[in-house]
Amino acid sequence: MKMKKIMSAIVAGAMAATMVMSANAATNIFSEDGSWVSNNEFLGNTSAEFDGINFGTLGLTSVTFHANCTDLNWGWNNGQFNSNSNNGGWQQVSFGGTESNADVVLTETGAFDVTVPVEPNDGGWFNIGWGTGCTEGIFSIDSIDFFAGDTKLGTWADGVWTEAKEETKLEPFVLYSQKTAVVDGKYSVRYVEMITEEEAKAVSSATLTLNNGSVDVPVKVTKYYTSVSAAGETITPDEGYVFLAYAVKNVPEDVTITAEGYLF
């Protein structure tokens, strides 16, 4: 019997916060009568959702519009996304079907991305916007990512700004411990190690040796995981790897648990 593969993320006691995911409402961009219309100040440094944020000092260099198209009209439907900023000046990138001579050519309906340079100075002034002659229901914006070079600063979606989190990176064959805060004199601790999926499939179990300061206690693990959840963040392994994980719950706060790496 081989180790069992678990597809969903694991949660160990209070080590991971529950996350509720919901789809963002798309923001329609359109013309009432089919003539060209622009909203060049759709978002900017004075937008309420950016209160207290200076994108100039953060080093903003570009935004990526994640958009959607429902009808290409035989290649004629089109629009543009644009920006204006102190250092970057006016920038625009057009999008549309094969007959529209656009910068970003759409060959099919559905999701598409458009990146526009934008570079505010230290004062932080900028605007981003859009233009189109298409009527309602053709084009929409799902979200907008903000970047400083290759670093993602955050995402705007449906009027809400979400700051980007630093990606958690785990190294292979290193045993990581995740300890909760002490509650009512007790805490929990989880031990996670990333191994190759090939190695996990080749054995029926792995043994983790725990120690409470005086006694070694071997525990057997028979499952491996394709992701783990910690502090509200889902962490996935490198390609070709999986996670081993074991949690010890309700440890008295005056007891320290240590562990050796998983053995096969």
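Here goes a summary of the coordinates provided. On a predicted model such as this, the values are computed, not experimentally measured, just so you know.

1. Thoughts on the overall build of the protein chain
The helix and strand tally for the protein chain stands at one helix and 21 strands. Burial status across the protein chain gives 41% buried among its 264 residues. Expressed as a percentage of contacts within the protein chain between residues at least 6 apart in sequence, the contacts between residues at least 24 apart total 70%.

2. Some words on the environment of Lys201
Inspection of the secondary structure puts Lys201 in helix H1 (residues 197-201). For the pair Lys201 and Lys223, spaced 22 residues apart in the sequence, the C-alpha separation amounts to 9.9 Å.

3. Considerations on the pattern of salt bridges
By the definition in use, this model includes two salt bridges. Glu197 is the partner of Lys201 in a salt bridge, and the nearest nitrogen-oxygen pair spans 3.5 Å. Of the two residues, Lys201 and Glu197 both sit in helix H1, four residues apart, roughly one turn of that helix. Classification of Lys201 by relative accessible area gives partly exposed; the value is 45%.

4. Looking at the packing of aromatic side chains
Under the definition given, this model contains 15 aromatic pairs. Where Phe50 meets Phe146, the ring centres are 5.5 Å apart and the plane angle is 70 degrees; that geometry is what we call edge-to-face. Of the two residues, Phe50 sits in the loop between strand E3 (37-44) and strand E4 (62-69) while Phe146 sits in strand E10 (residues 139-148), which places them 96 residues apart along the sequence. Given the relative accessible area of 0%, Phe146 is considered buried. Members of the aromatic cluster, connected to one another through ring pairs, are Phe50, Phe55, Phe126, Phe146 and Trp161. Residue placement shows Lys179 over the ring face of Tyr187; its charged tip is 4.3 Å from the ring centre.

5. Overview of the sheet that holds E3
The sheet built from five strands is open, its strands ordered E3-E9-E5-E6-E7 with mixed pairing. Here the strands that pair on one side only, and so sit at the sheet edges, are E3 and strand E7 (104-105). Bridge count between strand E6 (residues 89-96) and E7: two bridges; the pairing is parallel. Bridge pairing in E7 links Gly96 to Val105.

6. Brief notes about the pairing of strand E11 (residues 151-157)
Burial analysis of E11 places five of its seven residues in the buried class, the great majority of the element. Looking at chain direction, E10 and E11 are connected through five bridges and run antiparallel. Opposite Ala148, over in E11, you have Thr151 as the bridge partner. Linking two consecutive strands that pair antiparallel, namely E10 and E11, is a turn of two residues; a positive phi of about 65 degrees is found at Gly149 within it. Bridging between E11 and strand E12 (residues 160-163) involves four bridges; their strand directions are antiparallel. The partner of Ala157 across the bridge, within E12, is Val160. If you look at the hairpin formed by E11 and E12, you'll find two residues sitting between the two strands, and Asp158 has a positive phi there, around 55 degrees.

What counts as what
Residues numbered from 1 in each chain as written. Predicted model: local features only at pLDDT ≥ 70, side-chain atom pairs only at ≥ 80, totals over all residues. Heavy atoms only, no water. Helix = DSSP H or I, 4+ residues; strand = E, 2+ residues; numbered from the N terminus. Buried < 20%, exposed > 50% of the residue type's maximum accessible area, 1.4 Å probe, protein only. Contact = heavy atoms within 4.5 Å. Salt bridge = Lys/Arg side-chain N within 4 Å of Asp/Glu carboxyl O. Phe/Tyr/Trp six-rings, centres within 6.5 Å; stacked < 30°, edge-to-face > 60°. Lys NZ or Arg CZ within 6 Å of the ring centre and 35° of its normal. Pairing = 2+ DSSP bridges.

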